[in-house]
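One letter stands for each residue in the lines below.
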Amino acid sequence: MYLARLKLVLLVLVGTLIGIACYAFVYAKGYSYLVNDPSACANCHAMNEQYSGWIKSSHHSAATCNDCHTPHNFLGKYAVKASNGFFHSFYFTTGKYPDTIQITKFDREVVEGACRHCHAAITQAIDGNNVHGTAEGIHCTRCHLSVGHSESSAVLQLPQHLRRIHERQ
Amino acid sequence: MSDNNGTEKKPRRFLIVTIVLAAVAAFAVTALLINIFERKQEARNPFYRVVELNDTVDDPAVWGKNFPMQYDLYMGTTDMQRTKYGGSEAEPRTPTQADPRSVVARSKLEQDPRLKTMWAGYAFSKDYRERRGHAYMLADQTFTERQQFNPPGACLNCHASMVTIYNQLGNGDRNKGFQAINHMKYAEARQYAKHPIACIDCHDPQNMQLRVTRPAFIEGIKTLKASQGVADYDVNRYATRQEMRSYVCGQCHVTYYFKPPDKTLTFPWTKGLTVENIIAHLDEGKIKEWEHPDTGAAMIKARHPEFEVWNMGVHARSGVACADCHMPYTRMGGLKISDHHVNSPLLKINRSCQTCHHFSEEELKARAEEIQDRFFTLRNTALDALMDLIGDIKANKNKATPEQLAKARDYQRHGQYMIDFIMSENSMGFHAPQEAERILGSAINQCRLGQLALHGGPEPSHTPAGIAEAPDKGALAGPEKTNH
């Protein structure tokens, strides 16, 4: 009798925990991270600039966040999503991240792989080139920095500036 | 019985452990839930109008009730953190009756005695120190030993919150109030001043938009625009928001002089913003701020032309404003606000430089300091050349012909102004590295030509780039607008 009552209390407690956890999951829009919608990456405000930069970028019509920032295979994609998801949540919760967020070395490699996946024909041709192909530390984004999302105000002003030089000539 | 007890104990222990684990997990999940809730709240824009603001409220603490985060950051300018060549800094001193400050910045004159020779006979040879944060501007001016020279009231234009003072003295007309201050001596004007630069000096109290409140800048930029064919330029009407993020700083971080006959505070921009343009303006007005006692040359003094020099650099050309680097966006909870703790970008590289430059903080700092190191080396060469010229004129005052002496003095006037201009500019060459080195190169040339002229040496084999022939017209850089 006593044991049965204790079991009931336990079940209620565990049930409550599951309930709170489910609510937290829904409230934090946890489900949105399982699909491909880029707005999920701006759920928390840390990536607002990147998201709005992407909307204005040349890749907007061709690629979403996941297309560039996760590997192009099922297992790799969800492994990177899980790892980034955990660490982003961790640093966002503790608030310990730089104001101007920086990509990690690992994630830069992921992006590089994604560039090379879609632009295979041209990147393979570059690899054969003995200047750029053999240079160390060359990444597509080292030069093509703003194709995905250019969030800085100065870069956004560049076309205006170039127009000015153009008018002078 | 004992068996029964044993089987009953095991599930009981299991139950207790499970309950404890569940409680810990529930605790953690609830904490996370509350954290998510808080982060969501932060992302909203909480603005509460606690007090009514208008142009009579000069106390930044009152504005701070509506804008507590900006106010907190603004109060941060009391910091004393150095960079390699600047930042804000502090040295302890024993307070006296006349000067109650217990902390001051280092004396530049003690660090480099050449400056005393350079400014001999002028107030700056008595007291000239490293800069400190905005919070100290009024106190540091009130108690500088340069006060012994009875400076004009116009000095206050950039060392105090002036909007209410100008309004009060001019009966609502800031320009009239400015003229009134121009006619006063510092000691008289000082009694009106209550705060160092405050919210009201850059912001419209109704809508918080940036605005230019200093008549000297309004007039200065009007004459500059007029020289470029734009008539009747009204900065508060025509400037873009991005331009304003530099113009509000340019109200004070510029060179100036007191224009005779009534000593009006004036920005010498009628010919452009390059150092040659400015010298040409001062020469045309036959401005003489003091006579150098060692050489008898008629001297002019340059003052902190950050705005002019920034304008010659690649950052200005790319449309980057003062505020982009010195007041970058900073995260406060879920909001991003501009950092009102104005200081060196080298103290906030992530927020200021890395917004555009995708290199590590160490790399970016090393790049900036390399520019500054190079500048510092050439600055020292230029100061040595100036010391040689001053010493040479002093030693040969009685031997040289009046024509030779006049020529050498002219070279000192111009060469020294160039060195002064780029040296009193507070970035150690960073704001426009190439222009800074060009100015120093030209200044060294002026000093050595002065020595040649003094000794009746051979005329230079080429015509040196004259004061009238600036490399460009010194127009304002940055993305151009089409509407005006």
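Rules used in this analysis
Residues numbered from 1 in each chain as written. Chains lettered and ligands numbered in written order. Predicted model: local features only at pLDDT ≥ 70, side-chain atom pairs only at ≥ 80, totals over all residues. Helix = DSSP H or I, 4+ residues; strand = E, 2+ residues; numbered from the N terminus. Buried ≥ 20, exposed ≤ 12 C-beta atoms within 10 Å, placed from the backbone. Contact = placed C-beta atoms within 7 Å. Nonpolar A, V, L, I, M, F, W, Y, C, P; charged D, E, K, R; others polar. Core = buried A, V, L, I, M, F, W, Y, C linked by C-beta atoms within 7 Å. Axes fitted to C-alpha atoms, helices over the stretch in contact; angles between N-to-C directions. Parallel < 35°, antiparallel > 145°, perpendicular 65-115°, else oblique. Left-handed = near helix turned anticlockwise from the far one by under 90°.

(A) How the structure looks around the overall build of chain B. Tallying secondary structure elements over chain B gives 21 helices and eight strands in all. On the principal axes, the C-alpha backbone points of chain B span a range of 125 × 55 × 50 Å. The buried share of chain B, reckoned over its 484 residues, is 40%. In chain B, the share of contacts with a sequence separation of at least 24, taken over all contacts with a separation of at least 6, comes to 68%.

(B) Highlighting the overall build of chain A. Within chain A, the regular secondary structure consists of nine helices and zero strands. What you see in chain A, going N to C, is helices and strands ordered as α-α-α-α-α-α-α-α-α. Within the span of chain A, comprising 169 residues, buried residues form 12% of the whole. Within chain A, contacts between residues separated by at least 24 positions form 61% of all contacts whose residues are at least 6 apart in sequence.

(C) Structural detail: the interface of chain B and chain A. Counting residues at the interface gives 31 residues for chain B and 28 residues for chain A. Those elements that provide at least two residues to the side of chain B that touches chain A are α1 (2-43), β7 (329-332) and α18 (349-352) of chain B. Ranked by residue count, the leading element in the side of chain B that touches chain A is α1(B), at 15 residues. Here the residues of the side of chain B that touches chain A sort into 15 nonpolar, eleven polar and five charged.

(D) Broad picture of the nonpolar core. By size, the foremost hydrophobic cluster in this structure holds 102 residues, and its most contacted members are B:Leu156 and B:Leu386. Apart from the residues within four sequence positions on either side, B:Leu156 is in contact with B:Met162, B:Ile181, B:Tyr186, B:Ala189, B:Arg190 and B:Ala193. Counting residues in each nonpolar core, the second largest holds eight residues, with A:Cys44, A:Ala46, A:Cys68 and A:Ala114 among its members.

(E) Structural view of the packing of helix α20 (residues 402-423) of chain B against helix α21 (residues 433-454) of chain B. Residue and element names in this part refer to chain B. Packing of α20 against α21 leaves a shortest axis separation of 8 Å and a crossing angle of 160°. Taken together, the axes of α20 and α21 are roughly antiparallel relative to one another. Considering only the axes of α20 and α21, their crossing is left-handed. Facing Gln 404, Lys 407, Ala 408, Tyr 411, Gln 412, His 414, Gly 415, Met 418, Ile 419, Phe 421 and Ile 422 of α20, the residues of α21 in contact are Ala 436, Ile 439, Leu 440, Ser 442, Ala 443, Gln 446, Cys 447, Leu 449, Gly 450, Ala 453 and Leu 454. Its residues assigned to classes, the contact of α20 with α21 shows 14 nonpolar, seven polar and one charged.

(F) Focus on the environment of B:Ala395. Here B:Ala395 lies in helix α19 (residues 361-396). Separated by 115 residues in sequence, B:Ala395 and B:Ala280 have C-alpha atoms that sit 29 Å apart.

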